[in-house]
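Given next are the chains, with one letter for each unit.
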Amino acid sequence: MKISITDKHVYDIQSELTVIFALDTKELLHEGILKELGFKASQDEICYISEFKTLYVGVEANEHDLFRSAAATAIKTLSKFKYTSLKLAQYDINNKDGIFSAIVEGFILGAYTFDTYKSEKSEPTMCEINFSSRNIEDEASTVSELEDILLRAKILAIATNYTRELVNTTPEDLFPLKLAHIAKDLATKNNLECKILDEAALKDENMNAMLDVGRASRHESQLIHLSYKPKNPKAVVSLIGKGLTYDSGGLSLKPASSMVSMKLDKSGGCAVLGIMKAVSELNLPIEVHGIIGAVENMIGGDAYKPDDVLIAKNGMSIEVRNTDAEGRLVLADCLCYAQEKVKADYIFDYATLTGACVVALGHYTTGLMGHSTKLKHSMSRSANNTGELVGSLPFNRFLKKQLKSEVADISNISNKPYGGAITAAMFLDNFIEKENKNKWMHFDIAGPAYVESAWGYNPYGGSGAGVRMTVDWLSNIK
């Protein structure tokens, strides 16, 4: 889909269709017709006037995420038509309120479909989107400035769709070794360094917790380490992703209904790949390391068991009381590896870690946890800048007692059924070195990473949660 900007007024651009975002119904070009048709300009409400080849989309307020959603609604609506080009005015002079970039993102995110396994593919008809640099009142933005914003918005949205595609791919087609190959391909295309650790190398690194989680699978576990290293970086950041390409729950077997969609458990690792893609294409002056624990948690005669005691990379012993609390075991070793190999200024991990986070914050919100209030607040600003939803869950010194084990240094689950998202993060905290406590933040993306109903500009399935807000945060490092 080609998106371009011209200095012409929207009515002088040659396109098959005009899209107009309406904040209310007053003073619109077709005000009388819209009134007759009952158009009220409520959020994402659509009204197509065939005679004038114009699609109106309602926007409730002058906020970037509402425009992002309206743009997605527009492109999804137009997928049912045969138009190949559309035009629209600018709604935010020089992107002052982030609305121009939001509209671009909305078009690209809304156009995404996952039909890899469909016998009949849906071929997109919309090929060309033409923006006027002027608004309806003929106030002009700077074309060169808008083109820079356009390029950035395209990179962010395409990286998000790249992440969605990986998350949606089935476990038979995307297993740990395949994820490693995908990372290698990304490294080749985007000039990244790439190191892959197979099971022999993982054993040499004493990453026994991660190895034990994957030992019943026919697919060998892999650790993926991508590096983006510009000259004279402003900061060094490590991103660690949970890459469970499938999670059966192990011997603590999930109910049958809960196993459907467990391809989503690699969403954290896929988000890290999406972030690495965007960071390298934006040429950000930040050194970024993406570390992914790619594992499949299966059942079998060699499966790790409740009552096992695992020894993590840092030497800590872990009593296994539930094999479905496997992601934290993989992350524990990956966090230790990351801190040993990279002296980072910031350490973020991403994981579909707990159903408890969905209970606490709902399906659409990422849980932020860590020791640094400043860090959480800065990430909340970036989430707001990009339309992602986050909520902070506080650590509690009394909850720490719930991870006590009588036979090992720590248990892999809480001994109480409450506060599960927090206790999971507090488990990970045991693998963060003292000097890194305020550099670390945990993202529980179990709610927004994969949803079985479309919401806003996110389709059924993978959403790419975490990609856009993290890239925004990285872009704002001083």
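Calculation notes
In this numbering scheme, every chain counts its residues from 1 along its sequence in written order. Local features in a predicted model are, by the rule used here, given only for residues with pLDDT of at least 70; side-chain atom pairs are given and counted only at 80 or more, and totals for whole chains, interfaces and linings are based on all residues. To obtain the side-chain values, all non-hydrogen atoms of the structure were used and water was disregarded. Nonpolar cores are built from buried Ala, Val, Leu, Ile, Met, Phe, Trp, Tyr and Cys residues. Side-chain atoms within 4.5 Å join them into one set. A simple rule labels every residue: compare its accessible area, found with a 1.4 Å probe on the protein chains alone, to the largest value its type can have, and call it buried under 20%, exposed over 50%, or partly exposed in between. The secondary structure listing takes helices from DSSP runs of H or I that are at least 4 residues long and strands from runs of E that are at least 2 residues long, numbered from the N terminus. The contact definition used throughout considers only heavy atoms, calling two residues in contact when any of these lie within 4.5 Å. A pair of strands is treated as paired once DSSP finds two or more bridges between them. Angles shown run from 0 to 180 degrees and are taken between the N-to-C directions of axes, each axis being a line fitted to C-alpha atoms and, for helices, limited to the stretch in contact. Patch rule: a residue counts if its relative accessible area is over 30% and it has no salt bridge; like charges are joined within 9 Å, and nonpolar side chains (Val, Leu, Ile, Met, Phe, Trp, Tyr) within 5 Å. Throughout, the Shrake-Rupley method with a 1.4 Å probe supplies accessible areas, and for residues the shown protein chains are the sole cover considered. Here a salt bridge means any side-chain nitrogen of Lys or Arg lying within 4 Å of a carboxyl oxygen belonging to Asp or Glu.

## Things to note about the nonpolar core
In this structure, Leu 226, Leu 273, Phe 348, Phe 443 and Leu 474 are the most contacted members of the largest nonpolar core, which totals 54 residues. Ranked by the residues each element gives to this core, the list is headed by helix 9 (residues 267-282), at nine residues. Among residues more than four places away in sequence, those in contact with Leu 474 are Val 237, Ile 275, Val 279, Leu 284, Ile 286 and Val 288. With 49 residues, the next largest nonpolar core counts Ile 318, Ala 332, Cys 336 and Trp 440 among its residues.

## Brief notes about unusual backbone geometry
We note that Asp 138 has phi near 75°; this positive angle belongs to a residue other than glycine. Mapped onto the elements of the fold, Asp 138 is located in the loop between strand 6 (128-132) and helix 4 (143-168). One non-glycine residue, Asn 191, adopts positive backbone phi at about 60°. Summarising the element assignment, Asn 191 is placed in the loop between helix 5 (176-190) and strand 7 (193-197).

## Details of the sheet that holds strand 8 (residues 222-228)
Ordered by their spatial adjacency, eight strands build an open sheet running 7-8-10-9-13-17-14-15, and the pairing between neighbours is mixed. With partners counted over all chains shown, the strands left at the sheet margins are strand 7 and strand 15 (389-392), one partner each. Averaged over all pairs of adjacent strands, the angle between strand axes in this sheet comes to 20°, irrespective of strand direction. Lying over the sheet, helix 10 (residues 327-341) contacts strand 7, strand 8, strand 9 (236-247), strand 10 (287-297), strand 13 (346-351) and strand 17 (440-444), oriented at roughly 155° with respect to strand 9.

## Some words on the environment of Val 237
As for its placement among the helices and strands, Val 237 is situated in strand 9. Looking at Val 237, the relative accessible area reads 0%, which means it is buried. In sequence terms Val 237 and Ile 347 are 110 residues apart; their C-alpha atoms lie 6.0 Å from each other. Not counting the four nearest positions on each side in its chain, Val 237 is found in contact with Ile 286, Glu 287, Val 288, His 289, Ala 344, Tyr 346, Leu 474 and Ile 477.

## Structural notes on a nonpolar patch on the surface
On the surface, Tyr 11, Leu 29 and Ile 136 cluster together to form a nonpolar patch covering roughly 290 Å² of accessible area. Following the sequence through the fold, Ile 136 ends up in the loop between strand 6 and helix 4.

## Quick notes on the sheet that holds strand 16 (residues 410-411)
Strand order in the open sheet formed by three strands is 11-12-16, and the pairing between neighbours is mixed. The sheet is open, and its two edges are formed by strand 11 (309-311) and strand 16, each paired on a single side. In this structure, strand 12 (residues 317-319) lies alongside strand 16, joined through two bridges in parallel fashion. Considered in strand 16, the bridge of Glu 319 is made with Ser 411.

## A few points about the pattern of salt bridges
It is possible for side chains bearing opposite charge to pair when their charged atoms get close. With the rule as written, the count across this model stands at 23 salt bridges. Here Glu 205 makes a salt bridge to Lys 313, at a shortest N to O gap of 2.8 Å. Of the two residues, Glu 205 is situated in the loop between helix 6 (199-204) and helix 7 (208-213) and Lys 313 in the loop between strand 11 and strand 12; the sequence distance between them amounts to 108 residues. For the pair formed by Glu 205 and Lys 313, the shared burial category is buried. Put simply, Asp 212 and Arg 215 hold a salt bridge, and the shortest N to O gap is 3.2 Å.

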